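Topology and contacts: notes
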Amino acid sequence: RRMLVTSLLFAVVLILFLWMVRTVIIAGFLGAVVAAYLRPVYLWFRDRVPSKVVAAMVAILFLIGPLIGLLVYSYVQIADFATYVAEHRDAISTQIELSLRKLPLLRDVELHGKVGRWVAAASNYGASIPGIVRHAMSRVAVASTIFLFTTFYVMVEWDSIVMFIRPLRVSNWKANCTGSST
């Protein structure tokens, strides 16, 4: 009975721990997958650069560089658009109201206050997007570090990882269980 309770508590604690570190586990797994896909790029650079470390860093930069550029460009565009909307809130709501009045169903409906509130809500949300992105970046920092480290490690130490995993193949397990050898 004690063993059952202890086993159950251990399972619950293990599940909660894995749930707590799920982003790190996912980042590590994705880092290994990305390293496998970047391996041809890494090998190409390794043949041309004397250092495995530099070749791995350059291969990772080929992946991360455009993504960082895209994130920076998107952030700047969103911040500029949010600023524009905040500065021209009244003109935007007036133009939307004029356009809506051209629709036959909305000709006689009072929209002035409602459209202004909608534009104000959109403007406030748009103004908060840069802060949301900054907050998200601080939360993603640990997972990003694990991802980059795992990608780098798998690229540089690929051969030793393969030599470790190769004996663990399922066919070897079957052979060991039945007593035959492959």
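For the structure itself, consult the block above.
Summarised in this report is the structure supplied together with it. (Residues numbered from 1 in each chain as written. Predicted model: local features only at pLDDT ≥ 70, side-chain atom pairs only at ≥ 80, totals over all residues. Heavy atoms only, no water.)

1. A few points about the nonpolar core
In terms of nonpolar packing, the biggest core is built from 15 residues, with Tyr42, Ala56, Ala59 and Met155 touching the most fellow members. Listed by contribution, the elements that provide at least two residues to this core are α2 (22-48), α3 (52-87) and α5 (112-156). Non-local contacts of Tyr42, meaning those with residues more than four positions away in its chain, are made with Lys52, Ala55, Ala56, Ala59, Met155 and Val156. (Core = buried A, V, L, I, M, F, W, Y, C linked by side-chain atoms within 4.5 Å. Buried < 20%, exposed > 50% of the residue type's maximum accessible area, 1.4 Å probe, protein only. Helix = DSSP H or I, 4+ residues; strand = E, 2+ residues; numbered from the N terminus. Contact = heavy atoms within 4.5 Å.)

2. Quick word on α3
Taking 1.5 Å of rise per residue, 36 residues should cover 52 Å, and α3 covers 52 Å from first to last C-alpha, within 8% of that figure. Where α3 bends most, the angle comes to about 35°, and this point is Phe62, followed within four residues by the proline Pro66. Along α3, the positions that sit buried rather than exposed are Ala55, Ala56, Ala59, Ile60, Ile64, Ala82 and Val85. Sitting at the amino-terminal end of α3 is Ser51, which places a side-chain oxygen 3.3 Å from the backbone nitrogen of Val53. (Expected span 1.5 Å × (residues − 1). Bend = angle between axes of the 7 residues up to and from the residue. Polar contact = N/O pair within 3.5 Å; in protein donor to acceptor, adjacent residues only side chain to side chain.)

3. Re helix α1 (residues 2-20)
Spanning 19 residues, α1 covers 27 Å between terminal C-alpha atoms, matching the ideal 27 Å at 1.5 Å per step. By the criterion of burial, α1 is predominantly exposed, with just zero of the 19 residues buried.

4. Notes on the pattern of salt bridges
Following the criterion strictly, the structure yields one salt bridge and no others. Asp159 is paired through a salt bridge with Arg39; the nearest N and O atoms lie 3.8 Å apart. Of this pair, Asp159 sits in helix α6 (residues 158-165) while Arg39 sits in helix α2, placing them 120 residues apart in sequence. On the basis of relative accessibility, which here comes to 12%, the residue Arg39 falls in the buried class. (Salt bridge = Lys/Arg side-chain N within 4 Å of Asp/Glu carboxyl O.)

5. Section: the packing of aromatic side chains
As enumerated under the stated definition, the model contains three aromatic pairs in all. Relative to Phe45, the ring of Trp44 has its centre 5.1 Å away and its plane inclined at 80°; by these criteria the two rings are edge-to-face. Ring geometry for Phe149 and Tyr153: centres 6.2 Å apart, planes at 20°, overall stacked. Taken together, the residues Phe149 and Tyr153, both in helix α5 and four residues apart, mark about one turn of the helix. According to the relative accessible area criterion, Tyr153 is partly exposed, its value standing at 40%. Members of the aromatic cluster, joined through ring pairs, are Trp44, Phe45 and Phe62. Its guanidinium or amino end placed over the ring of Trp19, Arg22 lies 4.1 Å from that ring's centre, counting from NZ or CZ. (Phe/Tyr/Trp six-rings, centres within 6.5 Å; stacked < 30°, edge-to-face > 60°. Lys NZ or Arg CZ within 6 Å of the ring centre and 35° of its normal.)

6. Considering the packing of α2 against α3
Running from amino to carboxyl end, α2 crosses α3 at an angle of 125°, the nearest separation of the two axes being 9 Å. By the criterion of interaxial angle, the relationship of α2 to α3 is oblique. Relative to α3, α2 is oriented so that their crossing is right-handed. Of the residues in α3, those touching α2 at Val34, Leu38, Val41, Tyr42, Phe45 and Arg46 are Lys52, Ala55, Ala56, Val58, Ala59, Ile60, Phe62 and Leu63. In terms of residue class, the contact of α2 with α3 is made up of 12 nonpolar, no polar and two charged. (Axes fitted to C-alpha atoms, helices over the stretch in contact; angles between N-to-C directions. Parallel < 35°, antiparallel > 145°, perpendicular 65-115°, else oblique. Left-handed = near helix turned anticlockwise from the far one by under 90°. Nonpolar A, V, L, I, M, F, W, Y, C, P; charged D, E, K, R; others polar.)

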